[in-house]
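Here is what each chain is made of, one letter per residue.
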Amino acid sequence: MKTQRDRFSGKIGYVLAVAGSAVGLGNIWRFPYLAAKYGGGMFLLVYLILMLTFGYALIVSETALGRMTQKSPIGAFLTFGKSRGHRFGGWINAIIPMLIVPYYSVIGGWVLKYLFEYLRGNVQELAADSYFTGFTSSATEMELWFLLFAVLVFAVIFAGVKKGVEMISKIMMPLLVVLAVIVAIYSVTRPGAMAGVKYFLIPDLENFSWMTVVAAMGQMFYSLSIAMGILYTYGSYMKKDIDIEASTKQVELFDTGIAVLAGLMVIPAVFAFSGGDAAALQAGPSLMFITLPKVFASMGFGTGAGILFFLLVLFAALTSAISLMESCVSTFVDQTGWSRRRSTGVMVVVMVVLGSASALGFNILGFVRIFGMSILDFFDFLTNSVMMPIAALATCALILKVVGLSNIAKEVQISSAFKRRNMYNFCMKYIAPVFLVIILLSSIANVLGWITM
Ligand code: TRP
């Protein structure tokens, strides 16, 4: 029996839905700290090049496959064959969100905690250098805020108020952009901030290392939600008359715009408040939570700005976490025949176990180091630098060996001129496979300590 699939109403609806899921902690929290760490302007340049070639080709591929097969990734892979390879290709795409959503929720918990503290008016305390480490070293605090965020996610999943969330995010997203512009302008005009603007926007070859490419590639996958099956699912909800090429361009523009704004909020502030010392730039995942409170504390209306900012980030994080979770739950429902309830129950267990491990890795499990990384960093690395290149390779292999580039072109051309077809084919045939293998091998070699990058 065939049931009619839900569909996005039109192009705007599609672009907003994809952009809404793409814009999240990846843009506001992850992008600035990676850019600060891996070479500033050089990182930005590499990111932009990868996004316009690779990222573009992969988004088009996944969306076209989803729309062609009318299925989520596992179903899409199995449409073209039932062999082990197909099963593997589908599942690796589907498992990645299950590993991301727990640690994503730990960071979501940090956002919730900071929002709570701003509501209590603790604007000066939050700006202290040791505040963040004090917070993360408390096991109860970390676990509490992670669980609160997780409860919010599951509450929405259970209540099924997805429509309401979508409506709210249509209001919140533009607000977030306006606020980000204001904070970015404030941050960029602090004394000493210009050095940070230069560092972030002007590429300097000295800052280039192979890790710049590896990190930029992982970030591109993460931020655009590529190589984890999500876009297959969105593609399957897409009407045949929506222009895949144009909507891909718009999603990329929107997502990158917000990431760059976030970079302008955070990186110049690091220079202004720490004199641009190299150690501050290396702060990693905590960067946003250390520098932005300093910006807010120095602003006239810091408490208000802090509340508004973390509220908006919370919404961006929640909508992304909900759609990540939704895709995990529907994978179970589709593939195992379990009820929605039971599938959600399984995800509750996965969430609590893996999320708690990530949260406690900062304190009582602090002795656990996996290849020298904390638990949260390890999950981030495993998904972004190892599994996503493999998932992307699986998609390339499916297209090159089974579906054929011409069939993808046919699907895209139903609704689009496919002006970049030659670029697309070139990317898929030559660049993507070679590059993905190199990225994968070098990130594995890096953790095993065979090479230092
Ligand atoms: N792209 C999101 C961000 O930038 C995170 C994310 C990764 C995501 N995969 C997803 C969101 C799948 C929704 C669905 O934060």
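Note: the structure precedes this text.
Residues numbered from 1 in each chain as written. Predicted model: local features only at pLDDT ≥ 70, side-chain atom pairs only at ≥ 80, totals over all residues. Heavy atoms only, no water.

Observations regarding the site of the ligand
Then step 1. Taken together, 15 residues lie near the ligand, and A22, G26, Y104, Y222 and M228 sit nearest.
Then step 2. G26 places a polar main-chain atom, nitrogen or oxygen, 2.7 Å from an oxygen atom of the ligand.
Then step 3. Coverage of the ligand by the protein chains reaches 100% of its 360 Å² of free accessible surface.
Then step 4. Of all elements in the fold, only α1 (11–22), α2 (25–37), α11 (210–223) and α16 (302–336) reach the threshold of two or more residues within the shell around the ligand.
Then step 5. Here the shell around the ligand is composed, by residue class, of seven nonpolar, eight polar and no charged. (Near = heavy atom within 4 Å. Polar contact = N/O pair within 3.5 Å; in protein donor to acceptor, adjacent residues only side chain to side chain. Areas by Shrake-Rupley, 256 points an atom, 1.4 Å probe, with all protein chains shown as cover. Helix = DSSP H or I, 4+ residues; strand = E, 2+ residues; numbered from the N terminus. Nonpolar A, V, L, I, M, F, W, Y, C, P; charged D, E, K, R; others polar.)

Describing the packing of aromatic side chains
The relation between two aromatic rings is expressed through the spacing of the ring centres and the mutual angle of the planes.
Then step 1. One pass over the full model with this rule turns up 29 aromatic pairs.
Then step 2. Where F31 meets Y47, the ring centres are 5.3 Å apart and the plane angle is 70°; that geometry is what we call edge-to-face. Here the residue F31 occupies a position in helix α2, and Y47 occupies one in helix α3 (residues 41–69), the gap between them amounting to 16 residues. Y47 matches F31 in its accessibility class, with the two residues each being buried.
Then step 3. Look at F116 and W145: their rings are 5.2 Å apart centre to centre, the planes differ by 45°, and that puts the pair in the tilted class. Of this pair, F116 sits in helix α5 (residues 84–119) while W145 sits in helix α8 (residues 139–159); the two residues are 29 residues apart in sequence, bridging distant segments of the chain.
Then step 4. Against the face of Y186 rests R190, its NZ or CZ located 3.8 Å from the ring centre.
Then step 5. Above the plane of the ring of Y56 lies R420, whose end atom (NZ or CZ) is 3.9 Å from the centre. (Phe/Tyr/Trp six-rings, centres within 6.5 Å; stacked < 30°, edge-to-face > 60°. Buried < 20%, exposed > 50% of the residue type's maximum accessible area, 1.4 Å probe, protein only. Lys NZ or Arg CZ within 6 Å of the ring centre and 35° of its normal.)

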